[in-house]
Amino acid sequence: MNYRLTVNGRAAEVDVPGGTPLSDVLRDHLHLRGTKVSCGTGRCGSCTVRLGDRAVASCLLPVALAEAEPVTTVEGLSAPDGPLHPVQEAMVSCHGVQCGACTPGMVMTLSTFLDTTADPDAGQVREALTGNLCRCTGYHTIVDAALTAAAATRTPREDRP
Amino acid sequence: MTALSEPAARAVPATGAVGRSIPRPDAEAKVRGAAVYTVDLAEAGMLHAAVLRAELSAARITRLDTSAAAGLPGVHAVVTGADAPALSGMLVVKDQTVFAIDTVRYAGEPIAAVAAETPEQAAAALAAIELELEPLDPVVDLDAAVAPDARLIHPGWADYAAPVDGFRSGNIAWDARLEKGTDEEWSAAFAAAHRVVSDEFRVPRQHQTPLEPHACVARYTTGRYTVHTSTQFPHSVRSRTAELLGIRPSAVRVLVPTVGGGFGGKLDAMLEPMACLLARRSGRPVRLVNSRAEELATAGPRENAVLRLRTAVDAEGRILAQEADVLTDNGANSSGETVICAGLPALALGSTYRIPLARYRTRVVYTNTAPTAAFRGVGGPYVVFAQESHLDHVARALGVDRRELRLRNVLRPGEAMVNGQALDDPILIEALESVERRAPWDRERPATPGKLRGKAVVPLTWLTNPGPGEASVSLSDDGTVLVTTAATEIGTGAIQTGVRQIVAERLGVHVDDVLVSTPDTDAAGFDNGAQGSRTTYGAGNAAGEAAGELREQILRTAADMLEAAETDLEIAGDVVQVAGSPGASVTLAAVSAAAMWSSGPLSATGRFVAQPPEFDAGCVIGGLFSTINATSSHAHAAEVEVDPDTGEVTVLTYVVAQDVGRAINPAMIVGQVNGAVAQGVGYALYEDLRIGPDGRVLDRNLETYRIPTALDVPPIDLEILENPLPTGPYGAKGVAEPPIVPVAAVLACAVSDAIGVTVTDLPLSPFAVLAALRANRR
Amino acid sequence: MTAPTRLARPRVEVPGSVDEAVRRLAELGPDGAALAGGTWLMRSPAPPATFVALHRIAELRGVAAGTWGALTTHAELAAAPLPPALRALRTAARTSAFPQVRNVATLGGNLNARGFAEADLVPALLALDATVEVATTAGRHRIGVEGYLRSAHGDSADPAALLVSAGASAPAGRRSGYARLTVRGGGEYALVSVAISADLDGAGVASAVRVAVGSVEARARRCPEAEAALAGTTLDEAAARAAGQAAAAVLTPRDDLLAPGWYRLEVLPAVFARAAADCLTDPATDHDTGEAP
Ligand SMILES: Cc1cc2nc3c(=O)[nH]c(=O)nc-3n(C[C@H](O)[C@@H](O)[C@H](O)COP(=O)(O)OP(=O)(O)OC[C@H]3O[C@@H](n4cnc5c(N)ncnc54)[C@H](O)[C@@H]3O)c2cc1C
Ligand code: FES
Ligand code: FES
């Protein structure tokens, strides 16, 4: 079957069975390997991408369900040679990254979360992260990054110190 | 795939690189999803491999026929034990083959591997392999395995080569003892004891669960194998793959892309030998990646253990003599570090407290289970859990305050550890005082209504892996500096920040101008791997030495150019200048160019291995680790609340004091402490890689194998203590491993305090805690 | 242990109406399955060859007063302005799983996931006495959720029966609540879940009590013994604990890798107390702390 997707603003067409996980399509067909597949069973969140305005686990999403809405992966969050998205920037400056295997998923979950929750507290950030496992950082610096990114996003760029 | 990333803005001044919390330069590629991991590699013509694994944990192979599988469409290679008969083992006992040959010794043991055009074809080929197994009785329980009538898992054990002499027999893969004091002293101590306290502790397996599973891509051309793999220790993969394939190590080239976590689980060859065999047979690049289920079932976890402690104390709770009988599970063979680390429990028992007389014995036991391996803090977390829980038992038995009991026994400067090695410059008391300042022991805070509250404090001495390593540092044509090393960045920041900051400091250049090559065993000499917190320390020392020599070369060349004395010159950022007169300078790029046709390119190689400390060699019998290198002092304190209705444990406060020697990059240290404490919380409260009575791993996914989420990690109040180590780079000691070691101990002691029962088993799941509460109520 | 990864790749059909979906499901029989969010089906070790995707069927979407289309997601339920009478459903949706799953998993999928003892919406809908609309080759009908679950999970389930929507009434004075227990702070299947619904009179005394317990047995079920224990009480903590004990006396718990059976029974009183407290949460002071979808 041919599926027409919009991924990171570009039209893409793949010929695969509709039950193929979106993660496989992204990684193996569209060469977007920033999306990681660490468990393949929906539990670790490293494969998180944005479908429309929702964060979803791409390893469990049949590609047939991804046609209706635009897909954004970590590669599409900021231009490859452009400035980082505030969440990406804060993950770097707050030391929210160690091995980085969870990082693309973390970044996608947090950027989606902050779109609807502009001024979260740490507890809300932790709740929002329950689907994203990290084995390296113990999460604290990732929570810091989310709060820092939220503050940066609320403050227009020119007003920042 | 390369770490030669273009530096970002020059936020950091040229000098004083050491001590700064610079962000890691590889973070940007990681947040963009641009970092390339082994699982991301693809090559033209690459085949997909899959492994046929034994379903039974003990069996005889009565039939194995791969001919039908080999003939299926898309299948390029099928390999079995017949293709790889050689024996190997992690440094010591050579008892492992790539595939099971005649006998299956654990569920999940490889029987055959296939490579095909697609994963689907590979799966179909596995299904077409004809295998018949005749079941044997699995030996699973540790005590049963060492019983005299136990079935031998390796009937031919005596014939296995072991380059190091040791005590082995039957199902005991290794027997290590530490004995201090004569029999007379021993009997006298027990006769004089005010109390003798005994306990038995049981701990389960803990899985490292790096988010990137084991993965590799292998190629074969004209007698050599090239393997890209997710490893912590490329030279180990090189030598072990070679030994398993029966070839010389230099025939294997190992390269390491970005690594998605290791935690000890990626120190050994695992998938690489199979991928190499398939690559050779097929003539094509071969990719092999563990599924999460394979990862949990077969990638060696922290070993389960049974610990029996018996301690004679005086009326004040001073330890007079201590006996320990420790059984640790090697699993079916010695492919992991469990045998090498057989000596560690004794050292962990006797490096924090004064143990005048000791009888410590650790037996590493074969069972029909997946082999066990290293996990951050090898040997430490469960030994310290047992020792501390046991000491709490002593304190309760004597009516002595638990903190006071520790103060009475803790080692002071000038004293020796149980192996007779002097404890250089311990600051255990300072560490205890540091946590005391922030979490006063006598502070009574009322429990939430309906909850039970408990607290604990634990001091700890821990070590830094002493292993060898070399690194080269060269000056590039543009004035940047390139470090070439096989030391591997696994996510800790030790290479990306630690080694780079050390080299920058030593040279006086911008840290942004120090680049580090990716590990390639053809390009860099031996490095002992990212283990035992050694990278900043060991690789940092080697690279620092090389940088020192390069600095001299640079100054020599610049002295000619500036017509100044070498001793008047300094490197400041990207120039060499006459100290005090900045006008007179040459750029490093110019120095590089000038050297090129005079002395030749500027470069130097440094090397390091820690010198073994003096110790009482007579007391260690069979331990392969007999001393503790580069000790550091620690204290952890915690306060917990237990819900008596459900057994749920909430960690309210967690306080850490850690002696790091010198903080090369404080933010990275915070990251290591946060991560280690989180893994320790998992070990203490949730993680339990369960093995069924038939020897099979029951936990197949991250639903039942529970690692902490963002909701489960307590806030951590850390004080970094700087107590420089003369032999460490700028005084640095190992940092990453120690903060996991006391976590289970301090949480178990706090839970015991809350519920009034000594906890003897990990994890402290709500089930275990509720069961303990109920048993106590009856 | 032989298959390294999930490799089955079913084909997907995309019908545009309920009737068409039902017809295709009938034709495919055991070789087909309705596909909603896919979070259950995509984890199946042996999925059918064909998925009949529901996402293009507009009729299955949408939340109206007291009625939710089968494709309503957990996140949508969590964010919906449900009255206090239906709080159990909101709490269940909100505390189930984690964002990535709540964003796609659906009510229809939750009620129909076979062998899923921990489905969070099920006990809530049982306690709310929900009814469901079902489409089959023989036409549409509306039945109680309890009866629906019995037939949908029974051995002779109709493979073409499609859940269209679920609904529950919310009379004034009715309150409901939900609680679930996990080992970690969240993000995992409930070890025990309890939903309570009751009509409270002016003095707060409960009648028409309905209680459902999930996760303990292989399927969530109503628990009349606990209902009797709560009737006539003010849903105070002591009454709730007694009801939990009454439930523990009649339930036959499952032992599995997530929890031992004895534990599921032992904690029932505590989880009942938490569910009762959720019932009594004052809607005025109940600040909306639900996360964003
Ligand atoms: C890691 C993880 C954790 C989770 N944790 C929880 C949790 O804690 N609590 C919880 O409740 N859920 C949890 N879930 C979600 C769980 O998979 C299902 O409960 C989910 O609700 C199913 O919904 P779905 O839309 O994804 O169903 P699908 O997978 O699409 O379908 C499930 C079943 O329902 C059938 N079906 C779907 N729609 C209809 C319909 N309209 N009529 C008839 N049959 C239909 C399908 O044919 C299939 O048999 C979790 C999921 C994951 C991946
Ligand atoms: S890979 Fe999708 S959630 Fe783990
Ligand atoms: S940074 Fe390694 S898993 Fe999160």
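Since the structure is predicted, the reported quantities are computational estimates derived from the model, not experimental observations. (Residues numbered from 1 in each chain as written. Chains lettered and ligands numbered in written order. Predicted model: local features only at pLDDT ≥ 70, side-chain atom pairs only at ≥ 80, totals over all residues. Heavy atoms only, no water.)

### Points about the domain arrangement of chain A
Residues and elements named next belong to chain A. This is how it is decided: A domain assignment, automatic or from a database, supplies the domain bounds used here. The contact criterion used throughout is that any non-hydrogen atoms of two residues lie within 4.5 Å. Summed over both partners, the accessible surface that disappears when two parts come together, traced with a 1.4 Å probe, is what is meant by buried area. For this analysis, a salt bridge means a side-chain nitrogen from Lys or Arg found within 4 Å of a carboxyl oxygen belonging to Asp or Glu. N or O atoms within 3.5 Å of each other form a polar contact, as long as, within protein, one can give a hydrogen and the other can take it, and as long as residues adjacent in sequence are counted only when both atoms are side-chain atoms.
Domain boundaries assigned for chain A yield domain 1 (2-76) and domain 2 (86-159). Centre-to-centre separation of domain 1 and domain 2, based on C-alpha positions: 21 Å. Counting residues at the interface gives 15 residues for domain 1, matched by 14 residues for domain 2. Counting each side, the surface lost to burial between domain 1 and domain 2 is near 1100 Å², with a carbon and sulfur contribution of 54%. Among the residues of domain 1 in contact with domain 2, Arg43, Arg50 and Val74 are the three that bury the most area, contributing 43% of the side total. On inspection of domain 1 and its partner domain 2, the count reaches one salt bridge. Of the charged contacts, one joins arginine 50 and aspartate 115 as a salt bridge, the two residues approaching to 2.7 Å between their closest N and O atoms. Between the two partners, domain 1 and domain 2, sit five residue pairs in polar contact (both at pLDDT 80 or more).

### Some details on the environment of C:Ala34
All names here are of chain C. Just so we agree on the cut-off: Under the scheme used here, helices are H or I runs from DSSP no shorter than 4 residues and strands are E runs no shorter than 2 residues, and both carry numbers assigned from the N terminus.
Examined against the element boundaries, alanine 34 turns out to sit in strand β2 (residues 32-35). Separated by 181 residues in sequence, alanine 34 and serine 215 have C-alpha atoms that sit 24 Å apart. Not counting the four nearest positions on each side in its chain, alanine 34 is found in contact with Leu25, Leu41, Val52, Leu54 and Leu162.

### Observations regarding helix α7 (residues 145-152) of chain C
Our working definition: To sort residues, take the accessible area from a 1.4 Å probe on protein chains only and compare it with the maximum for the residue type: under 20% means buried, over 50% means exposed, and anything in between is partly exposed. Arc definition: directions from the helix axis to the C-beta atoms.
For α7(C), every residue scored as buried is listed here: C:Val145, C:Tyr148, C:Leu149 and C:Ala152. Considered in projection along α7(C), the buried side chains sweep an arc of 95 degrees and stay on one side of the axis.

### A short note on the interface of chain B and chain A
How big an interface is tends to be stated in terms of accessible area lost as the parts join. Spelled out, the test is: Lys, Arg, Asp and Glu make up the charged group, whereas Ala, Val, Leu, Ile, Met, Phe, Trp, Tyr, Cys and Pro make up the nonpolar group; the residues left over, Gly among them, are polar.
On the side of chain A, 41 residues touch chain B, which itself brings 53 residues to the contact. Area buried by chain B at its contact with chain A is led by B:Val31, B:Arg32 and B:Leu211, which between them contribute 23% of it. Between chain B and chain A we count three salt bridges in total. Here A:Lys36 makes a salt bridge to B:Asp40, at a shortest N to O gap of 2.6 Å. Summed over the shared surface of chain B and chain A, the number is 24 residue pairs in polar contact (both at pLDDT 80 or more). Per-element accounting of the side of chain B that touches chain A gives the leading share, eight residues, to helix α16 (residues 666-686) of chain B. In the side of chain B that touches chain A, the residues fall into 27 nonpolar, 16 polar and ten charged.

### Here we look at the interface of chain A and chain C
Counting residues at the interface gives 32 residues for chain A and 25 residues for chain C. Interface of chain A and chain C: buried area, both sides summed, is about 2400 Å²; carbon and sulfur atoms make up 59% of it. With a closest N to O distance of 4.0 Å, C:Arg56 and A:Glu67 form a salt bridge. Run the count over chain A and chain C and you get nine residue pairs in polar contact (both at pLDDT 80 or more).

### Quick look at unusual backbone geometry
The step from B:Leu762 to B:Pro763 runs through a cis peptide bond, and the omega angle for that step is -5 degrees. Residue placement: B:Pro763 occurs in the loop between α17 (743-755) and α18 (766-777). Although it is not a glycine, A:His95 adopts a positive phi angle of roughly 60 degrees. Following the sequence through the fold, A:His95 ends up in the loop between α2 (86-93) and α3 (103-116). The buried category is assigned to A:His95, whose relative accessible area is 17%. Despite not being glycine, C:Ala208 has its phi angle at roughly 45 degrees, a positive value. On the secondary structure map, C:Ala208 appears in strand β11 (residues 206-214). What makes C:Ala208 partly exposed here is its relative accessible area of 40%.

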